[in-house]
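Letter by letter, the chains look like this.
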Amino acid sequence: MKKRIVSILLVVFMIASMVPFMSAPASAAEAVNYMYPLTYIKGKVNFTTAQCTDYKVIDSNNKPTDWEKNTWYVVRGEVTISDRVKCDGAVHLILTDGCKLTCSKGIQVETATVGDDASLAIYAQSEGNNKGQLIATGDEDRAGIGSGRCYSFSGDITGDIVIYGGYVKAT
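Described in the following lines is the structure provided in the data block.

Rules behind the numbers
Residues numbered from 1 in each chain as written. Predicted model: local features only at pLDDT ≥ 70, side-chain atom pairs only at ≥ 80, totals over all residues. Heavy atoms only, no water. Core = buried A, V, L, I, M, F, W, Y, C linked by side-chain atoms within 4.5 Å. Buried < 20%, exposed > 50% of the residue type's maximum accessible area, 1.4 Å probe, protein only. Helix = DSSP H or I, 4+ residues; strand = E, 2+ residues; numbered from the N terminus. Contact = heavy atoms within 4.5 Å. Phe/Tyr/Trp six-rings, centres within 6.5 Å; stacked < 30°, edge-to-face > 60°. Pairing = 2+ DSSP bridges. Salt bridge = Lys/Arg side-chain N within 4 Å of Asp/Glu carboxyl O.

This part is about the nonpolar core. Grouped together as the largest cluster of nonpolar side chains are 22 residues, with contacts concentrated most on Ile58, Trp67, Leu93, Leu101, Ile107, Leu120 and Leu134. Among the elements of the structure, strand S5 (71-75), strand S6 (78-81), strand S7 (85-87), strand S8 (90-95), strand S9 (100-103), strand S12 (119-124) and strand S13 (133-136) are those that each provide at least two residues to this core. With three residues, the single largest contributor to this core is S8. If we skip the residues at most four places from it in the chain, leucine 93 touches Ile58, Trp67, Tyr73, Val75, Leu101, Leu120, Ala121, Ile122, Tyr123 and Leu134.

In this section: the packing of aromatic side chains. Considering all chains together, one arrives at five aromatic pairs under this definition. For the ring pair tyrosine 34 and tryptophan 72, a centre distance of 5.0 Å and an interplane angle of 45° mean the geometry is tilted. Highlighted residues: tyrosine 34 in strand S1 (residues 32-41) and tryptophan 72 in strand S5, separated in sequence by 38 residues. With a centroid separation of 4.9 Å and 65° between ring planes, the pair formed by tyrosine 34 and tyrosine 123 is classed as edge-to-face. Of the two residues, tyrosine 34 is situated in strand S1 and tyrosine 123 in strand S12; the sequence distance between them amounts to 89 residues. One exposure class covers both tyrosine 34 and tyrosine 123, and it is buried.

Bringing the sheet that holds strand S4 (residues 66-67) into the picture now. With respect to topology, four strands assemble into an open sheet ordered S4-S7-S10-S14, the strand pairing being parallel. The strands lining the two open edges of the sheet, one partner per strand, are S4 and strand S14 (145-146). Note that S7 and strand S10 (residues 107-108) share two bridges and pair parallel. Bridge pairing in S10 places lysine 86 opposite glutamine 108.

Overall, the relative accessible area of 8% leaves tyrosine 34 in the buried class. Tyrosine 34 sits 63 residues away from aspartate 97 along the chain, and the two C-alpha atoms are 9.7 Å apart. Tyrosine 34 has contacts with Thr48, Thr49, Ala50, Gln51, Cys52, Trp72, Ile94, Tyr123, Ala124 and Gln125, leaving out every residue within four places of it along the chain.

Moving on, we get to the pattern of salt bridges. By the definition in use, this model includes two salt bridges. The partner of lysine 56 in a salt bridge is glutamate 68, and the shortest N-O contact between them spans 2.8 Å. Taken as a pair, lysine 56 in strand S3 (residues 56-58) and glutamate 68 in the loop between S4 and S5 lie far apart in primary sequence, twelve residues in all. Taking the relative accessible area as the measure of exposure, glutamate 68 reaches 39% and is therefore partly exposed.

Nothing here speaks to function; it is geometry throughout.
If you want it as structure tokens, here you go:
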């Protein structure tokens, strides 16, 4: 009888050792709230709070310049990106409370074909005096946020730029 119990326990431990250990990923993103316009009634915008859980962080250690299609980005802290940023498709940017993102050569939101979905939507984490900031300054005759060169028509089309919140200064 003892041999049988030991054999059963041994089989259970062997099977258990073959099952991969499952744990939460170390880089699991915590939910970030952001303000989203819900209704527009009698000249007043009413906001609701939404949550984003699948996003990429922009901070002092991570400063991407090619913002990917259908991707959410969350800005944390004070960040300066010294190269021109390019939006590839629909991009969503959440400015967390107290953050400051400076794009020294601006943000390009354009596409070469009609019907492509190049766009930039900017959200604030919350309302109030501590809302995040985006400062985008164009260079070489380019917009702070928008198209490429303003003096030559290359056939490129500026995508939609929608600001739902935050402090945004584009020069």
